[in-house]
Amino acid sequence: MAGTNGKGSTAAFLASILEARGLRTGTMPSPHLASYTERIQLGGQPVSEAEFAEAVERLRPALERVAETEGEPTEFEALTALAIAWLAGRADRLVIEVGMGGRLDSTNVLDLGVAIVTNVSLDHTQYLGATVEEIAREKAAIIKPGNLAVTAAERSALPEIERRAEMVGARLWRLGQELRIDWRWRGWEGSELDLEGPGFRHRGLKAPLLGSFQPANAALGVAAAEGMGDATPAAVAEGLAATRWPGRMEVLSRDPVVLLDGGHNPAGIDHLLADVPRLAAGARLVLVFGAMADKDLPAMLKRLRRLEPSAVVFTRAASAGDRAADPQRLAAMWDEGARVREPALDALAEARRLAGHDGVVLACGSLYLVGELR
């Protein structure tokens, strides 16, 4: 499963449907929020620390042989090998997210029958290409001969995915064409959707994840389950309704409402612009923001200004180390009145105080930040 945004949510919807069908489902979410063991999960439960350590020791000889002949494996390459080795024989189905891109990602050694490209926008341009078309070609490379490919990609990205599917002889289901969706906003309860596709139809599905972008992710998850032959009406309805995806438009607490979102690029911030004003409904809005230094920070901040927050508190996630953007730099890029607080929990406490009991605190910009706050 590849895409600029939405991979995690789509994977969560799909995995929940498969679990509701009674299938043991292995996943490899990335990045983790609290513990590194979250990177390998079976049935929504992370591997234990003891099992993780044991799996590393079993894999160590193979990693050492690779290091001697091919060079030191990257951390993500080692983790991918570790996850596949541990899940083999335990999982009935695998739902695997690409780490970055697709063509050269270590997860691309797998062919799981259904390839999902959620969407494509500019991100990781130093590695994947300077244009949406170039990035789309990298992501579309996960589509293999005989696959079913499912996508919500639009505009200039979609032709690249269509070309790849045609080149390798894969079937292609496109949201808005083969897949037709109608959905209704349900505020803090999420959304409700109807979905039709080749040979299937679902009505009144409840998708509890917040955000106007989530119905599309839910539709991709349902379509993938249908393409795998694992969807029943009951599994689809129960699985969607039971889906949880921490750190993505997640209500952490109330009084005031604290909303966490790991959107980590301009496209992710765009999703917030569509939903936070409706959810906040005129309440006092305070932002907590911290991001990685390699992101398009000016573009992200420009978008956040459109939320017209009452106050902004900049911080950084300690877990991000030197990769985190300096909050003083972020404050200098903002208008007057920006505050800086470290560590991140102090920033959240300050934001809660500024918001008051009836306000809304939105903490966003990085999954590292969201994980630390959770």
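All values reported here derive from a predicted model rather than from experimental measurement.

Participant: I'm lost on empty space enclosed by the protein in this one. Help?
Facilitator: By the definition in use, this model includes one cavity of 30 Å³ or more. Within this model, the largest cavity holds a volume of roughly 30 Å³. Every residue lining the largest cavity is listed: Gly290, Ala291, Met292, Thr315, Arg316, Ala317, Ala320, Ala324, Ser366 and Leu369. Among the residues forming the lining of the largest cavity, the class breakdown is six nonpolar, three polar and one charged.

Participant: Would you take a moment to explain the sheet that holds strand β6 (residues 148-151) for this structure?
Facilitator: Pairing between the strands of a sheet is mediated by backbone hydrogen bonds and can be parallel or antiparallel. An order of β5-β6-β7 is seen for the three strands of this open sheet, with the pairing classed as parallel. In this open sheet, the two strands that pair with only one neighbour each are β5 (114-117) and β7 (171-174). The average undirected angle you get between the axes of adjacent strands in this sheet is 20 degrees. Examined bridge by bridge, β6 and β7 share four bridges and lie parallel to one another. Following the sheet pairing, Ala149 is matched in β7 by Leu172. Lying over the sheet, helix α6 (residues 157-168) contacts β5, β6 and β7, oriented at roughly 155 degrees with respect to β7.

Participant: Quick question: what am I supposed to make of the nonpolar core here?
Facilitator: Among soluble globular proteins, nonpolar side chains are generally buried collectively. Leu14 and Val150 are the most contacted members of the largest nonpolar core, which has 34 residues in total. Looking at this core, the elements with two or more residues in it are α1 (7-20), β6, β9 (191-197), β10 (200-207), α7 (214-228) and α8 (233-241). Apart from residues lying up to four places away in sequence, Leu14 is in contact with Met1, Val95, Ile116, Gly221, Ala224, Ala225 and Met228.

Participant: Mind showing me how you'd approach the pairing of strand β16 (residues 360-364) here?
Facilitator: Of all the five residues making up β16, five are buried; the element is thus mostly covered by neighbouring parts of the structure. Judged by which residues are buried, β16 turns out to be covered on both faces: Val360, Leu362 and Cys364 on one side and Val361 and Ala363 on the other are all buried. Both strand β12 (residues 257-261) and β16 contribute to a ladder of five bridges, which runs parallel. Along β16, the bridge assignment pairs Val257 with Val360.

Participant: When you look at the pairing of strand β11 (residues 250-253) in this model, what are you seeing that I'm missing?
Facilitator: In the sheet, β11 pairs with β12 via three bridges, with the strands oriented antiparallel. Its bridge partner being in β12, Ser253 is matched across the sheet by Val258. Between the end of β11 and the start of β12, which pair antiparallel, lie three residues, with Asp255 showing a positive phi angle near 65 degrees.

Participant: Please explain α6 as it appears in this structure.
Facilitator: Working note: α-helix, 3.6 residues per turn, so residues spaced by three or four point in the same direction. Its 12 residues give α6 an end-to-end C-alpha distance of 18 Å, which sits within 8% of 16 Å, the value for a rise of 1.5 Å per residue. Three or more residues of α6 are buried, namely Ala157, Leu158, Glu160, Ile161, Ala165 and Val168. What you see down the axis of α6 is that its buried residues fit within an arc of 160 degrees, all on one side. The exposed set on the far side of α6, more than 90 degrees from its buried face, consists of Glu166 and Met167. Looking at the buried positions of α6, the neighbouring elements they touch are β5, α5 (132-140), β6 and β7. The first or second residue beyond α6 is Gly169, which carries a positive phi of 75 degrees.

Participant: I keep staring at the layout of surface pockets and nothing clicks. Help me out?
Facilitator: It is the rolling of a water-molecule-sized probe over the atoms that shows where space remains empty. Considering only enclosed or pocket space, the second largest pocket measures out at about 520 Å³ in volume. What lines the second largest pocket is a set of 26 residues, among which Gln41, Gly44, Arg244, Trp245 and Pro246 lie closest to the centre. Looking at the lining of the second largest pocket, the elements that each hand over two or more residues are α1, β1 (25-27) and β3 (45-46). For the lining of the second largest pocket, the class distribution of residues is 10 nonpolar, 10 polar and six charged.

Participant: Mind showing me how you'd approach the sheet that holds strand β15 (residues 339-340) here?
Facilitator: Across the sheet, which stays open at both edges, the six strands sit in the order β11-β12-β16-β13-β14-β15 with mixed pairing between neighbours. In this open sheet, the two edge strands, each paired with only one partner strand, are β11 and β15. Contacts from helix α9 (residues 266-280) reach β12, β13 (285-289) and β16 within the one sheet, and its direction differs from that of β16 by about 160 degrees. Taken strand by strand, helix α10 (residues 297-305) contacts β13, β14 (311-314) and β16, and its axis lies near 170 degrees from that of β13.

About the thresholds
Residues numbered from 1 in each chain as written. Predicted model: local features only at pLDDT ≥ 70, side-chain atom pairs only at ≥ 80, totals over all residues. Heavy atoms only, no water. 1 Å grid on protein atoms, 1.4 Å probe; cavity = no way out; pocket = protein on both sides within 12 Å on 5 of 7 lines; lining within 4 Å. Points joined across faces, edges and corners; volume = space filled by probe spheres on them. Nonpolar A, V, L, I, M, F, W, Y, C, P; charged D, E, K, R; others polar. Pairing = 2+ DSSP bridges. Helix = DSSP H or I, 4+ residues; strand = E, 2+ residues; numbered from the N terminus. Axes fitted to C-alpha atoms, helices over the stretch in contact; angles between N-to-C directions. Contact = heavy atoms within 4.5 Å. Core = buried A, V, L, I, M, F, W, Y, C linked by side-chain atoms within 4.5 Å. Buried < 20%, exposed > 50% of the residue type's maximum accessible area, 1.4 Å probe, protein only. Expected span 1.5 Å × (residues − 1). Arc of directions from axis to C-beta.

All quantities given are derived from atomic positions and should not be read as evidence of function.
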